[in-house]
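One letter stands for each residue in the lines below.
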Amino acid sequence: MRVLDNIIQNVVKAIEALYSQELPIQQIQIQKTKKEFEGDLTLVVFPLLKVTKKSPEQSAEEMGNWLLGNSNILNSYNVVKGFLNLSIEDKIWLDQFNVWARDENFGKSTSSTGKTFMVEYSSPNTNKPLHLGHLRNNFLGYSVAEILKANGHEVYKTQIINDRGIHICKSMLAWQLFGNNETPESSGMKGDHLIGKYYVAFDKEYKKQIAELVHGGMESKDAEREAEIFKDAQAMLRKWEARDPEVYRLWETMNAWVYSGFERTYTEMGVDFDKLYYESNTYILGKDVVEKGLADNIFYKKEDGSVWCDLSDHKMDDKLLLRADGTSVYMTQDLGTAIERYKDYTNLSGLIYTVGNEQNHHFKVLFTILKKIGYSWAEGCYHLSYGMVDLPTGRMKSREGTVVDADELMKSVIQDAKEMTQERGHLDGLSDSVKDELYKTIGLGGLKYYLLKVDPKKGMQFNPEDSVDLNGNTGPFIQYTYARIQSILRKVETFHKGSETDLLLEPAEKILLKDLSEFPSVIEEAGKSYSPALLANYTYELVKNYNSFYQSLSIIKEEDPNKKAFRIAISYKVGEVIKLSMQLLGVNVPERM
RNA sequence: GGGCCAGUAGCUCAGCUGGAUAGAGCACCUCCCUUCUAAGGAGGCGGUCAAAGGUUCGAAUCCUUUCUGGCUCACCA
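Student: How would you summarise the sheet that holds strand 1 (residues 29-32) if you had to cite specific residues and measurements?
Tutor: Read from one edge of the open sheet, four strands run 1-2-4-3, paired in antiparallel fashion. The open sheet has two free edges, formed respectively by strand 1 and strand 3 (74-80), since each of these has just one partner strand. With strand direction ignored, the average angle separating the axes of adjacent strands in the sheet is 25°. Where strand 1 meets strand 2 (residues 41-44), four bridges bridge the pair, whose relative direction is antiparallel. Each residue of the ladder has a partner; that of Q31, found in strand 2, is T42.

As structure tokens, this is what we get:
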């Protein structure tokens, strides 16, 4: 962005020289020149009229004239209404390009910020397999972590595994009742899917028992509490909390099945974690904090003995922190867990929770209470809230069996990629294992890109049948362009990464240089706003422009050796930027496809 | 009922702190492979930016109201 800085400084000087006024740089508005107009950067002069006291056209004309005479990077200018369009010398662009070309880490932050972030994502329950919503969560969390690293931060990826509670006992109990000692080995099922099967089995039996009770004349609410199997599950939870050896052993065994299943899913997804927290270890945390808060009069106790936090000064309802019987709730645990994490990592600048937007309120309350207690680091806590993934038929509902399973979805996109690639790919001479890797790259790349290109905050629609889309704003489109570039580079064998600087640039070349110039600030912005979508959309724009360049100009067939060298060099650099950018999204790029 | 978020082309989405004639992709219709990978490119069709007011040189963007949808306000996690 050195070109931009140069212009801004010169605009300040111009105003000083022409109107004897000093203007803060925030008041200077410079944007990319729209395609319909000639120029590279545009100064919007409307905000300057107060200073110039002249018409927009006249002001722009005066500014342009001064800048052209006093800046050594300008080539020409033109004025359209209140817009001053500035053209930068080709040589300046090429000088810039040579700087980027030499920089292996172009786009990333050059130095460490010294800051450390913890990013939490995934955090599944251990009673059923991962689904489409988890995919968005995992891809998002992983990508944000990578983007923060690219911004020079140190990052720890973590998750809290919800491995205890009544819902876990439900699948355990159903397995005891109906399982006949079925195991992942004996059934050939992935552990998490096996457990999920018994969770469903519990629900089925539970409903049956409720129906029977209601049929016998009971109110349905009472029936839900009185059903035998439900009471058994509660009893099992009490045993678990008392560390009953038999229940505990069963719990360990079944969780181990789930973890080995999750492990395979995570590997397939391409995500990983640096540190795991288990709810079975953390659910007791937080009580002492609440007790201390009570002693410090930050919280209060009701007559029944329950402990609450008054949030009326934040216009929220009071929040329960300890039940009358002294047991804790979700909020209590989360308070404890957050504090634990800051104990484990004393230098955290931020703790980012990748959790769906249905928990917006929960996190608002959590952060507020942490601040109330007096933890100043709570300022660095951030809820990376993302919208639900809906099907064309509406929300996924497990009761209606419309949940899209993560493993199955990944399998099916890879299969789709295989069929498409066999139809039109360039796979001569590749071994089967390389081909299989390629199908995975394309299928999963398409899926990840699809889920990440949408602004995280927004809800999105997902049509499993559309996911195989390969044209337009998709992962495979970007991958294809990368593969194309690699094909060119293979043909030329050796090349220089830089370029001569006395070339006359074609419009298509200049557009690419402008795109490249924005890459560092896109990474920065994506980091600040925790938005992989910004990177995805940037890369799409870059790739579109590259394809246009590719189509309209010869590269290795260009006769002028300097032009040829530049076009190869810029192709290489565009390829590098695509690769890095996709890496930050967790998407791989293939050498050929 | 209170709070938060959203509503942009037939569909899926961009549009950053207000700036030029609101952009892509899909779908539909034309063209372009004896030329570096056609999973590509060039073009066409398609809009009252939910509605109404307001703020100003200028509003999809900011403010107010209304309508519609989602989430939430659990002694579930």
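Student: Please give an account of the protein's contact with RNA strand B that cites residues and values.
Tutor: The full set close to RNA strand B counts 61 residues, and D317, H426, Y480, L553 and K557 are the nearest of them. Atoms of RNA strand B within 4 Å of the protein belong to the sugar or the phosphate in 62% of instances, the rest to bases. Within the side chain of D304, one N or O atom sits 2.7 Å away from a base nitrogen of RNA strand B. The side chain of R323 places a nitrogen or oxygen atom 2.9 Å from a phosphate oxygen of RNA strand B.

Student: Could you give an account of the pairing of strand 6 (residues 154-161), with specific residues and numbers?
Tutor: Taken across its eight residues, strand 6 has six buried, putting it largely inside the fold. Sheet topology note: the strand 5 (residues 116-120)/strand 6 ladder contains five bridges and is parallel. Counterpart to E120 in the pairing with strand 6 is T158. Between the parallel pair strand 5 and strand 6, the chain is carried across by helix 5 (residues 132-150), and the sense of this crossover is right-handed. One ladder, built from four bridges, connects strand 6 with strand 7 (residues 275-278); its direction is parallel. By the bridge assignment, I161 is partnered in strand 7 with Y278.

Student: Explain unusual backbone geometry to me, using residue names and the numbers behind them.
Tutor: In this model, K315 sits at a positive phi of 60°, which is unusual for a non-glycine residue. Position of K315 relative to the elements: it lies in the loop between strand 9 (307-309) and strand 10 (319-322). Exposure remark for K315: the relative accessible area of 80% places this residue in the exposed category. The backbone of E493 shows a phi angle near 60°, a positive value even though the residue is not glycine. Summarising the element assignment, E493 is placed in the loop between helix 18 (475-492) and helix 19 (507-528).

Rules used in this analysis
- Residues numbered from 1 in each chain as written.
- Chains lettered and ligands numbered in written order.
- Predicted model: local features only at pLDDT ≥ 70, side-chain atom pairs only at ≥ 80, totals over all residues.
- Heavy atoms only, no water.
- Pairing = 2+ DSSP bridges.
- Helix = DSSP H or I, 4+ residues; strand = E, 2+ residues; numbered from the N terminus.
- Axes fitted to C-alpha atoms, helices over the stretch in contact; angles between N-to-C directions.
- Near = heavy atom within 4 Å.
- Polar contact = N/O pair within 3.5 Å; in protein donor to acceptor, adjacent residues only side chain to side chain.
- Buried < 20%, exposed > 50% of the residue type's maximum accessible area, 1.4 Å probe, protein only.
- Right-handed = clockwise from strand over helix to strand, strands pointing away.

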